[in-house]
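Each chain, letter by letter, is given below.
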Amino acid sequence: MKQRIAHISLVVNDYDEAIAYYTKKLGFDLLQDVHLNEDKRWVVVAPKGSQECSLLLAKASNEQQSNRIGNQTGGRVFLFLYTDDFWRDFRKMKSLNVEFIEPPREEIYGTVAVFKDLYGNLWDLLEPK
């Protein structure tokens, strides 16, 4: 049997705001934007060229979900954005005012820096060795 993780649901405040951030600041592709009903959409974004996992942007529909926006992992790094050129992507993201919360560093596994998305979720930008 072959299995894979297709989507990771990311709770957001607003569909259009989230689409704009992920496509304009992070350079992701908008793969799907389907209106399911008056309040709900099926919105999928992914890094350019990504074939495996994507983000399903899920608008919070109640107070409990709203309380999780920006802190789905209790303050830990939530998502890992791999790149083939750390410095290219780091400089581009900085020029677009993506907030990095620490300077880049070299680790045994690669070059990495932690950034916040528009809601405060923590990500690693990582070029593996």
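Computed from a predicted structure; not experimentally measured. (Residues numbered from 1 in each chain as written. Predicted model: local features only at pLDDT ≥ 70, side-chain atom pairs only at ≥ 80, totals over all residues. Heavy atoms only, no water.)

Brief notes about the UniProt feature "domain: VOC" (unreviewed entry) in the chain
Residues given the UniProt feature "domain: VOC" (unreviewed entry) here are residues 4–128. In residues 4–128, the share of helix is 22% and the share of strand is 40%. The end C-alpha atoms are 21 Å apart. (UniProt positions renumbered as here; feature names shortened; annotations may be inferred. Helix = DSSP H or I, 4+ residues; strand = E, 2+ residues; numbered from the N terminus.)

Digging into the pairing of strand β8 (residues 110–116)
Buried residues dominate β8, accounting for 6 of its 7 residues. As paired elements, strand β6 (residues 99–100) and β8 share 2 bridges and run antiparallel to each other. Among the inter-strand pairings, F100 is bridged to a residue of β8, identified as F115. One ladder, built from 3 bridges, connects strand β7 (residues 105–107) with β8; its direction is antiparallel. (Buried < 20%, exposed > 50% of the residue type's maximum accessible area, 1.4 Å probe, protein only. Pairing = 2+ DSSP bridges.)

Comments concerning the environment of V98
Summarising the element assignment, V98 is placed in the loop between α3 (86–95) and β6. Sequence separation between V98 and L26 is 72 residues, and the spatial gap between their C-alpha atoms is 8.3 Å. Leave out the neighbours within four places in its chain, and V98 touches Y21, K25, L26, M93, F115 and K116. (Contact = heavy atoms within 4.5 Å.)

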